[in-house]
Structure formats: C-alpha cells, structure tokens
Amino acid sequence: MLENDQKTIKGPVNFTGVGLHSGVKVNLNLEPTEADTGIVFKRTDLKTNNKILANFKNVSSAKLCTKIKNEFDISVSTIEHLMASFYICGIDNLIVNIDGPEVPIMDGSAKEFVEKIKACGLKNLNKKRKFIKIKRKVELKLSDKSISIQPANKNFSVKFTLNYENPLIKTQTNKINFEDKNLESVYSSRTFCLYEDIEKVKSLGLGKGGTLENAVVVKGDKVLNEGGLRFENEFVNHKILDLAGDFMLAGMRVIGSVECAHGGHSLTNDFLRKVLSDTNNFTVVENIDSVRNIQKTTSEQKRIAVNA
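### Focus on the pattern of salt bridges
Phase 1 of the analysis: This structure, assessed with the given rule, holds 13 salt bridges.
Phase 2 of the analysis: Note that Asp92 and Arg253 form a salt bridge whose closest N and O atoms lie 2.8 Å from each other. In this pair, Asp92 is assigned in the loop between α1 (80–89) and β9 (94–98) and Arg253 in strand β19 (residues 253–261), connecting sequence segments 161 residues apart.
Phase 3 of the analysis: As a salt-bridge pair, Glu112 and Lys116 come within 3.6 Å of each other at their nearest N and O atoms. With Glu112 and Lys116 both in helix α2 (residues 111–120) and four residues apart, the pair spans about one turn of that helix.

### Description of the pairing of β9
Phase 1 of the analysis: Here β9 lies mainly inside the structure; five of its five residues are buried.
Phase 2 of the analysis: By the alternation rule, side chains of β9 split into Leu94, Val96 and Ile98 and Ile95 and Asn97, which are all buried.
Phase 3 of the analysis: For strand β4 (residues 39–43) and β9, the ladder comprises five bridges, and the chain directions are parallel. Directly across from Phe41, in β9, lies its bridge partner Val96.

### A short note on the environment of Lys128
Phase 1 of the analysis: Note that Lys128 resides in strand β10 (residues 122–128).
Phase 2 of the analysis: Judged by relative accessible area, which is 47%, Lys128 ranks as partly exposed.
Phase 3 of the analysis: In this structure the C-alpha to C-alpha distance between Lys128 and Glu3, which are 125 residues apart in sequence, comes to 8.9 Å.
Phase 4 of the analysis: Ignoring any residue separated from it by four or fewer positions in sequence, one finds Lys128 in contact with Asn4, Asp5, Gln6 and Glu286.
Phase 5 of the analysis: At 2.9 Å, the side chain of Lys128 forms a polar contact with the side chain of Asp5.

### A word on the confidence of the model for the protein
Phase 1 of the analysis: Taken as a whole, the protein shows an average pLDDT of 93; of its residues, 93% reach a score of 70 or greater.
Phase 2 of the analysis: A low-confidence stretch, residues 301–308 stays under pLDDT 50, and its non-local contacts, those more than four residues away or across chains, total zero contacts.

So, how was this worked out
- Residues numbered from 1 in each chain as written.
- Predicted model: local features only at pLDDT ≥ 70, side-chain atom pairs only at ≥ 80, totals over all residues.
- Heavy atoms only, no water.
- Salt bridge = Lys/Arg side-chain N within 4 Å of Asp/Glu carboxyl O.
- Helix = DSSP H or I, 4+ residues; strand = E, 2+ residues; numbered from the N terminus.
- Buried < 20%, exposed > 50% of the residue type's maximum accessible area, 1.4 Å probe, protein only.
- Pairing = 2+ DSSP bridges.
- Contact = heavy atoms within 4.5 Å.
- Polar contact = N/O pair within 3.5 Å; in protein donor to acceptor, adjacent residues only side chain to side chain.
- pLDDT = per-residue confidence, 0-100.

Below you can see the structure in the form of structure tokens.
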C-alpha cells in the first residue's frame, strides 16, 4: 500500500445491494478519475450539489456507521467498508457514483468490494502520493474507550481490543500490519451484533436492511448464521476493518502504529480531528523512500550513540 505513485482503477466497477440501516436498494459504480481528486461520492439520484469529498471533516454522524455530507446537506452513509477496501487495494482517486443514501452492505464485510476491484486492476497516475507521517504519540480516552497512535518505521498497523460480556465474544485482541500481503481475514470479516440489541437498533430507525445474509448475529454463546464464523477472531478483525476505513478519511495514508480499545466510528473520527489539528503531531511527506531513508539514518545514529 505504501507505494509512491497515486492510483485509480483501470475501468468501471459495479455493485448492487441493500443499505444496512436504510433498507434501500442502491446501485453503486466506481469510476476512475485523475490524480489529486481523492475519493468523491456522487449522488446520481440528485441533479445538483451532489458531490461529497470523503474526508474526516465531512463526517456528520458516526452512530453505528460513518456518514459524510456536503455543505448542501447531501449525505452518504455506511461508507467505512468501501473506504477500507480502497485502502487495502491501494486506491487514491475515484468517483463513487451512488443512486441512494447509503452504501450497500453486501455480505457485511469488504470482501466483494476488494475482489471486484482486484479483478478490475489498478493503473498508476502521473502524480506522487503524499503520506501523513506521525511524529509523536497522541492519545484520546473517553470513559473505558481509548485510542492512540505513535511513530512507525514505514507502515500502518492497528492493534485493537474489544470486550463484551457475551460468553462467545468475550475479550479479543489482534494486531494487523496493513503492509502484509494477505489481508483476507480482515476484509472478509463481517459486521456483527447481539441478538438482544436488534430491537434497540431498529427503535433508532436503523438496521432496516439487516439480515443473517449481511451481519453476524450472536445469541448467548451461539452464532445464528448458517456456517458460523469465518474466522476465530472475526469480531475484532471487523473492528480493525472499520478503523482502517475511517482512517482513509484522513485524505492521505497514515504512517503510524494505532492501538485502540473498545473504540468505534465516533472515537476514531474524534481522534483524527485531534491528531490532524496540530502539525506538531505529524508531517506530510511525498516520497515513502525518503521516510525509509530517514528512519534508517536515525536508527544508525542511535546505534553509534550506544556504541560510543
């Protein structure tokens, strides 16, 4: 993922599905675009003022999903799995044409997004990427939830811990380096909920499109979905997928090491705003090779100092 050239897809990629929370059937089309465009959502069911830049500053709600809107109150919700697929596949610039208010949930993961994008293939653009290089540790704590980031050599990694009183989920921790070649266990992990929370979600006007085909439902110590879990750590891996999608809203790939406990979309968005509001926390670099060289030089200097 940490390559120098910006990328887009070679051609259009199409998806059709139902929104998890709206229950609305939508068609989604990924369209290649030029360098420095970023990820732009376009509501094709609306004729004017229908473009929304996928950026943390445009997040208008983070309740059970990530929702972005523009200055005309035009919005698209549940963008996190799609955004994570862009990170995993290495995409920087795209137009996301969508004829409804919510990205389709597909099977509850980013699996189909990733597979179709990979089948289409990517093309390099004649512009270099910029990276957000974390310079110092930053953390945010809210009650029992916490998230932090600190400098890393040349990658983006996420260590996530979740804790449920549920006897099946219990406490799970996993760490993923997003430079690993095989991230299937992350992008194929599905969204989940407790059986007893379904009515609470619906009372909020959400979850209208939820079924056992697009979400893992846990009742007591059992998974109600036919076939059970895809992975032993599917619950925590899905949380890592969500976090990666929300971090893609930084507008540039982040070089740093994240640790999060009991977090979610709201905590991640608040954290991005905190980190990126202070330039003492980060620097923007245009060449990943220069970052690697700087890190190598710094390490060599440390060894010399110790040896002296």
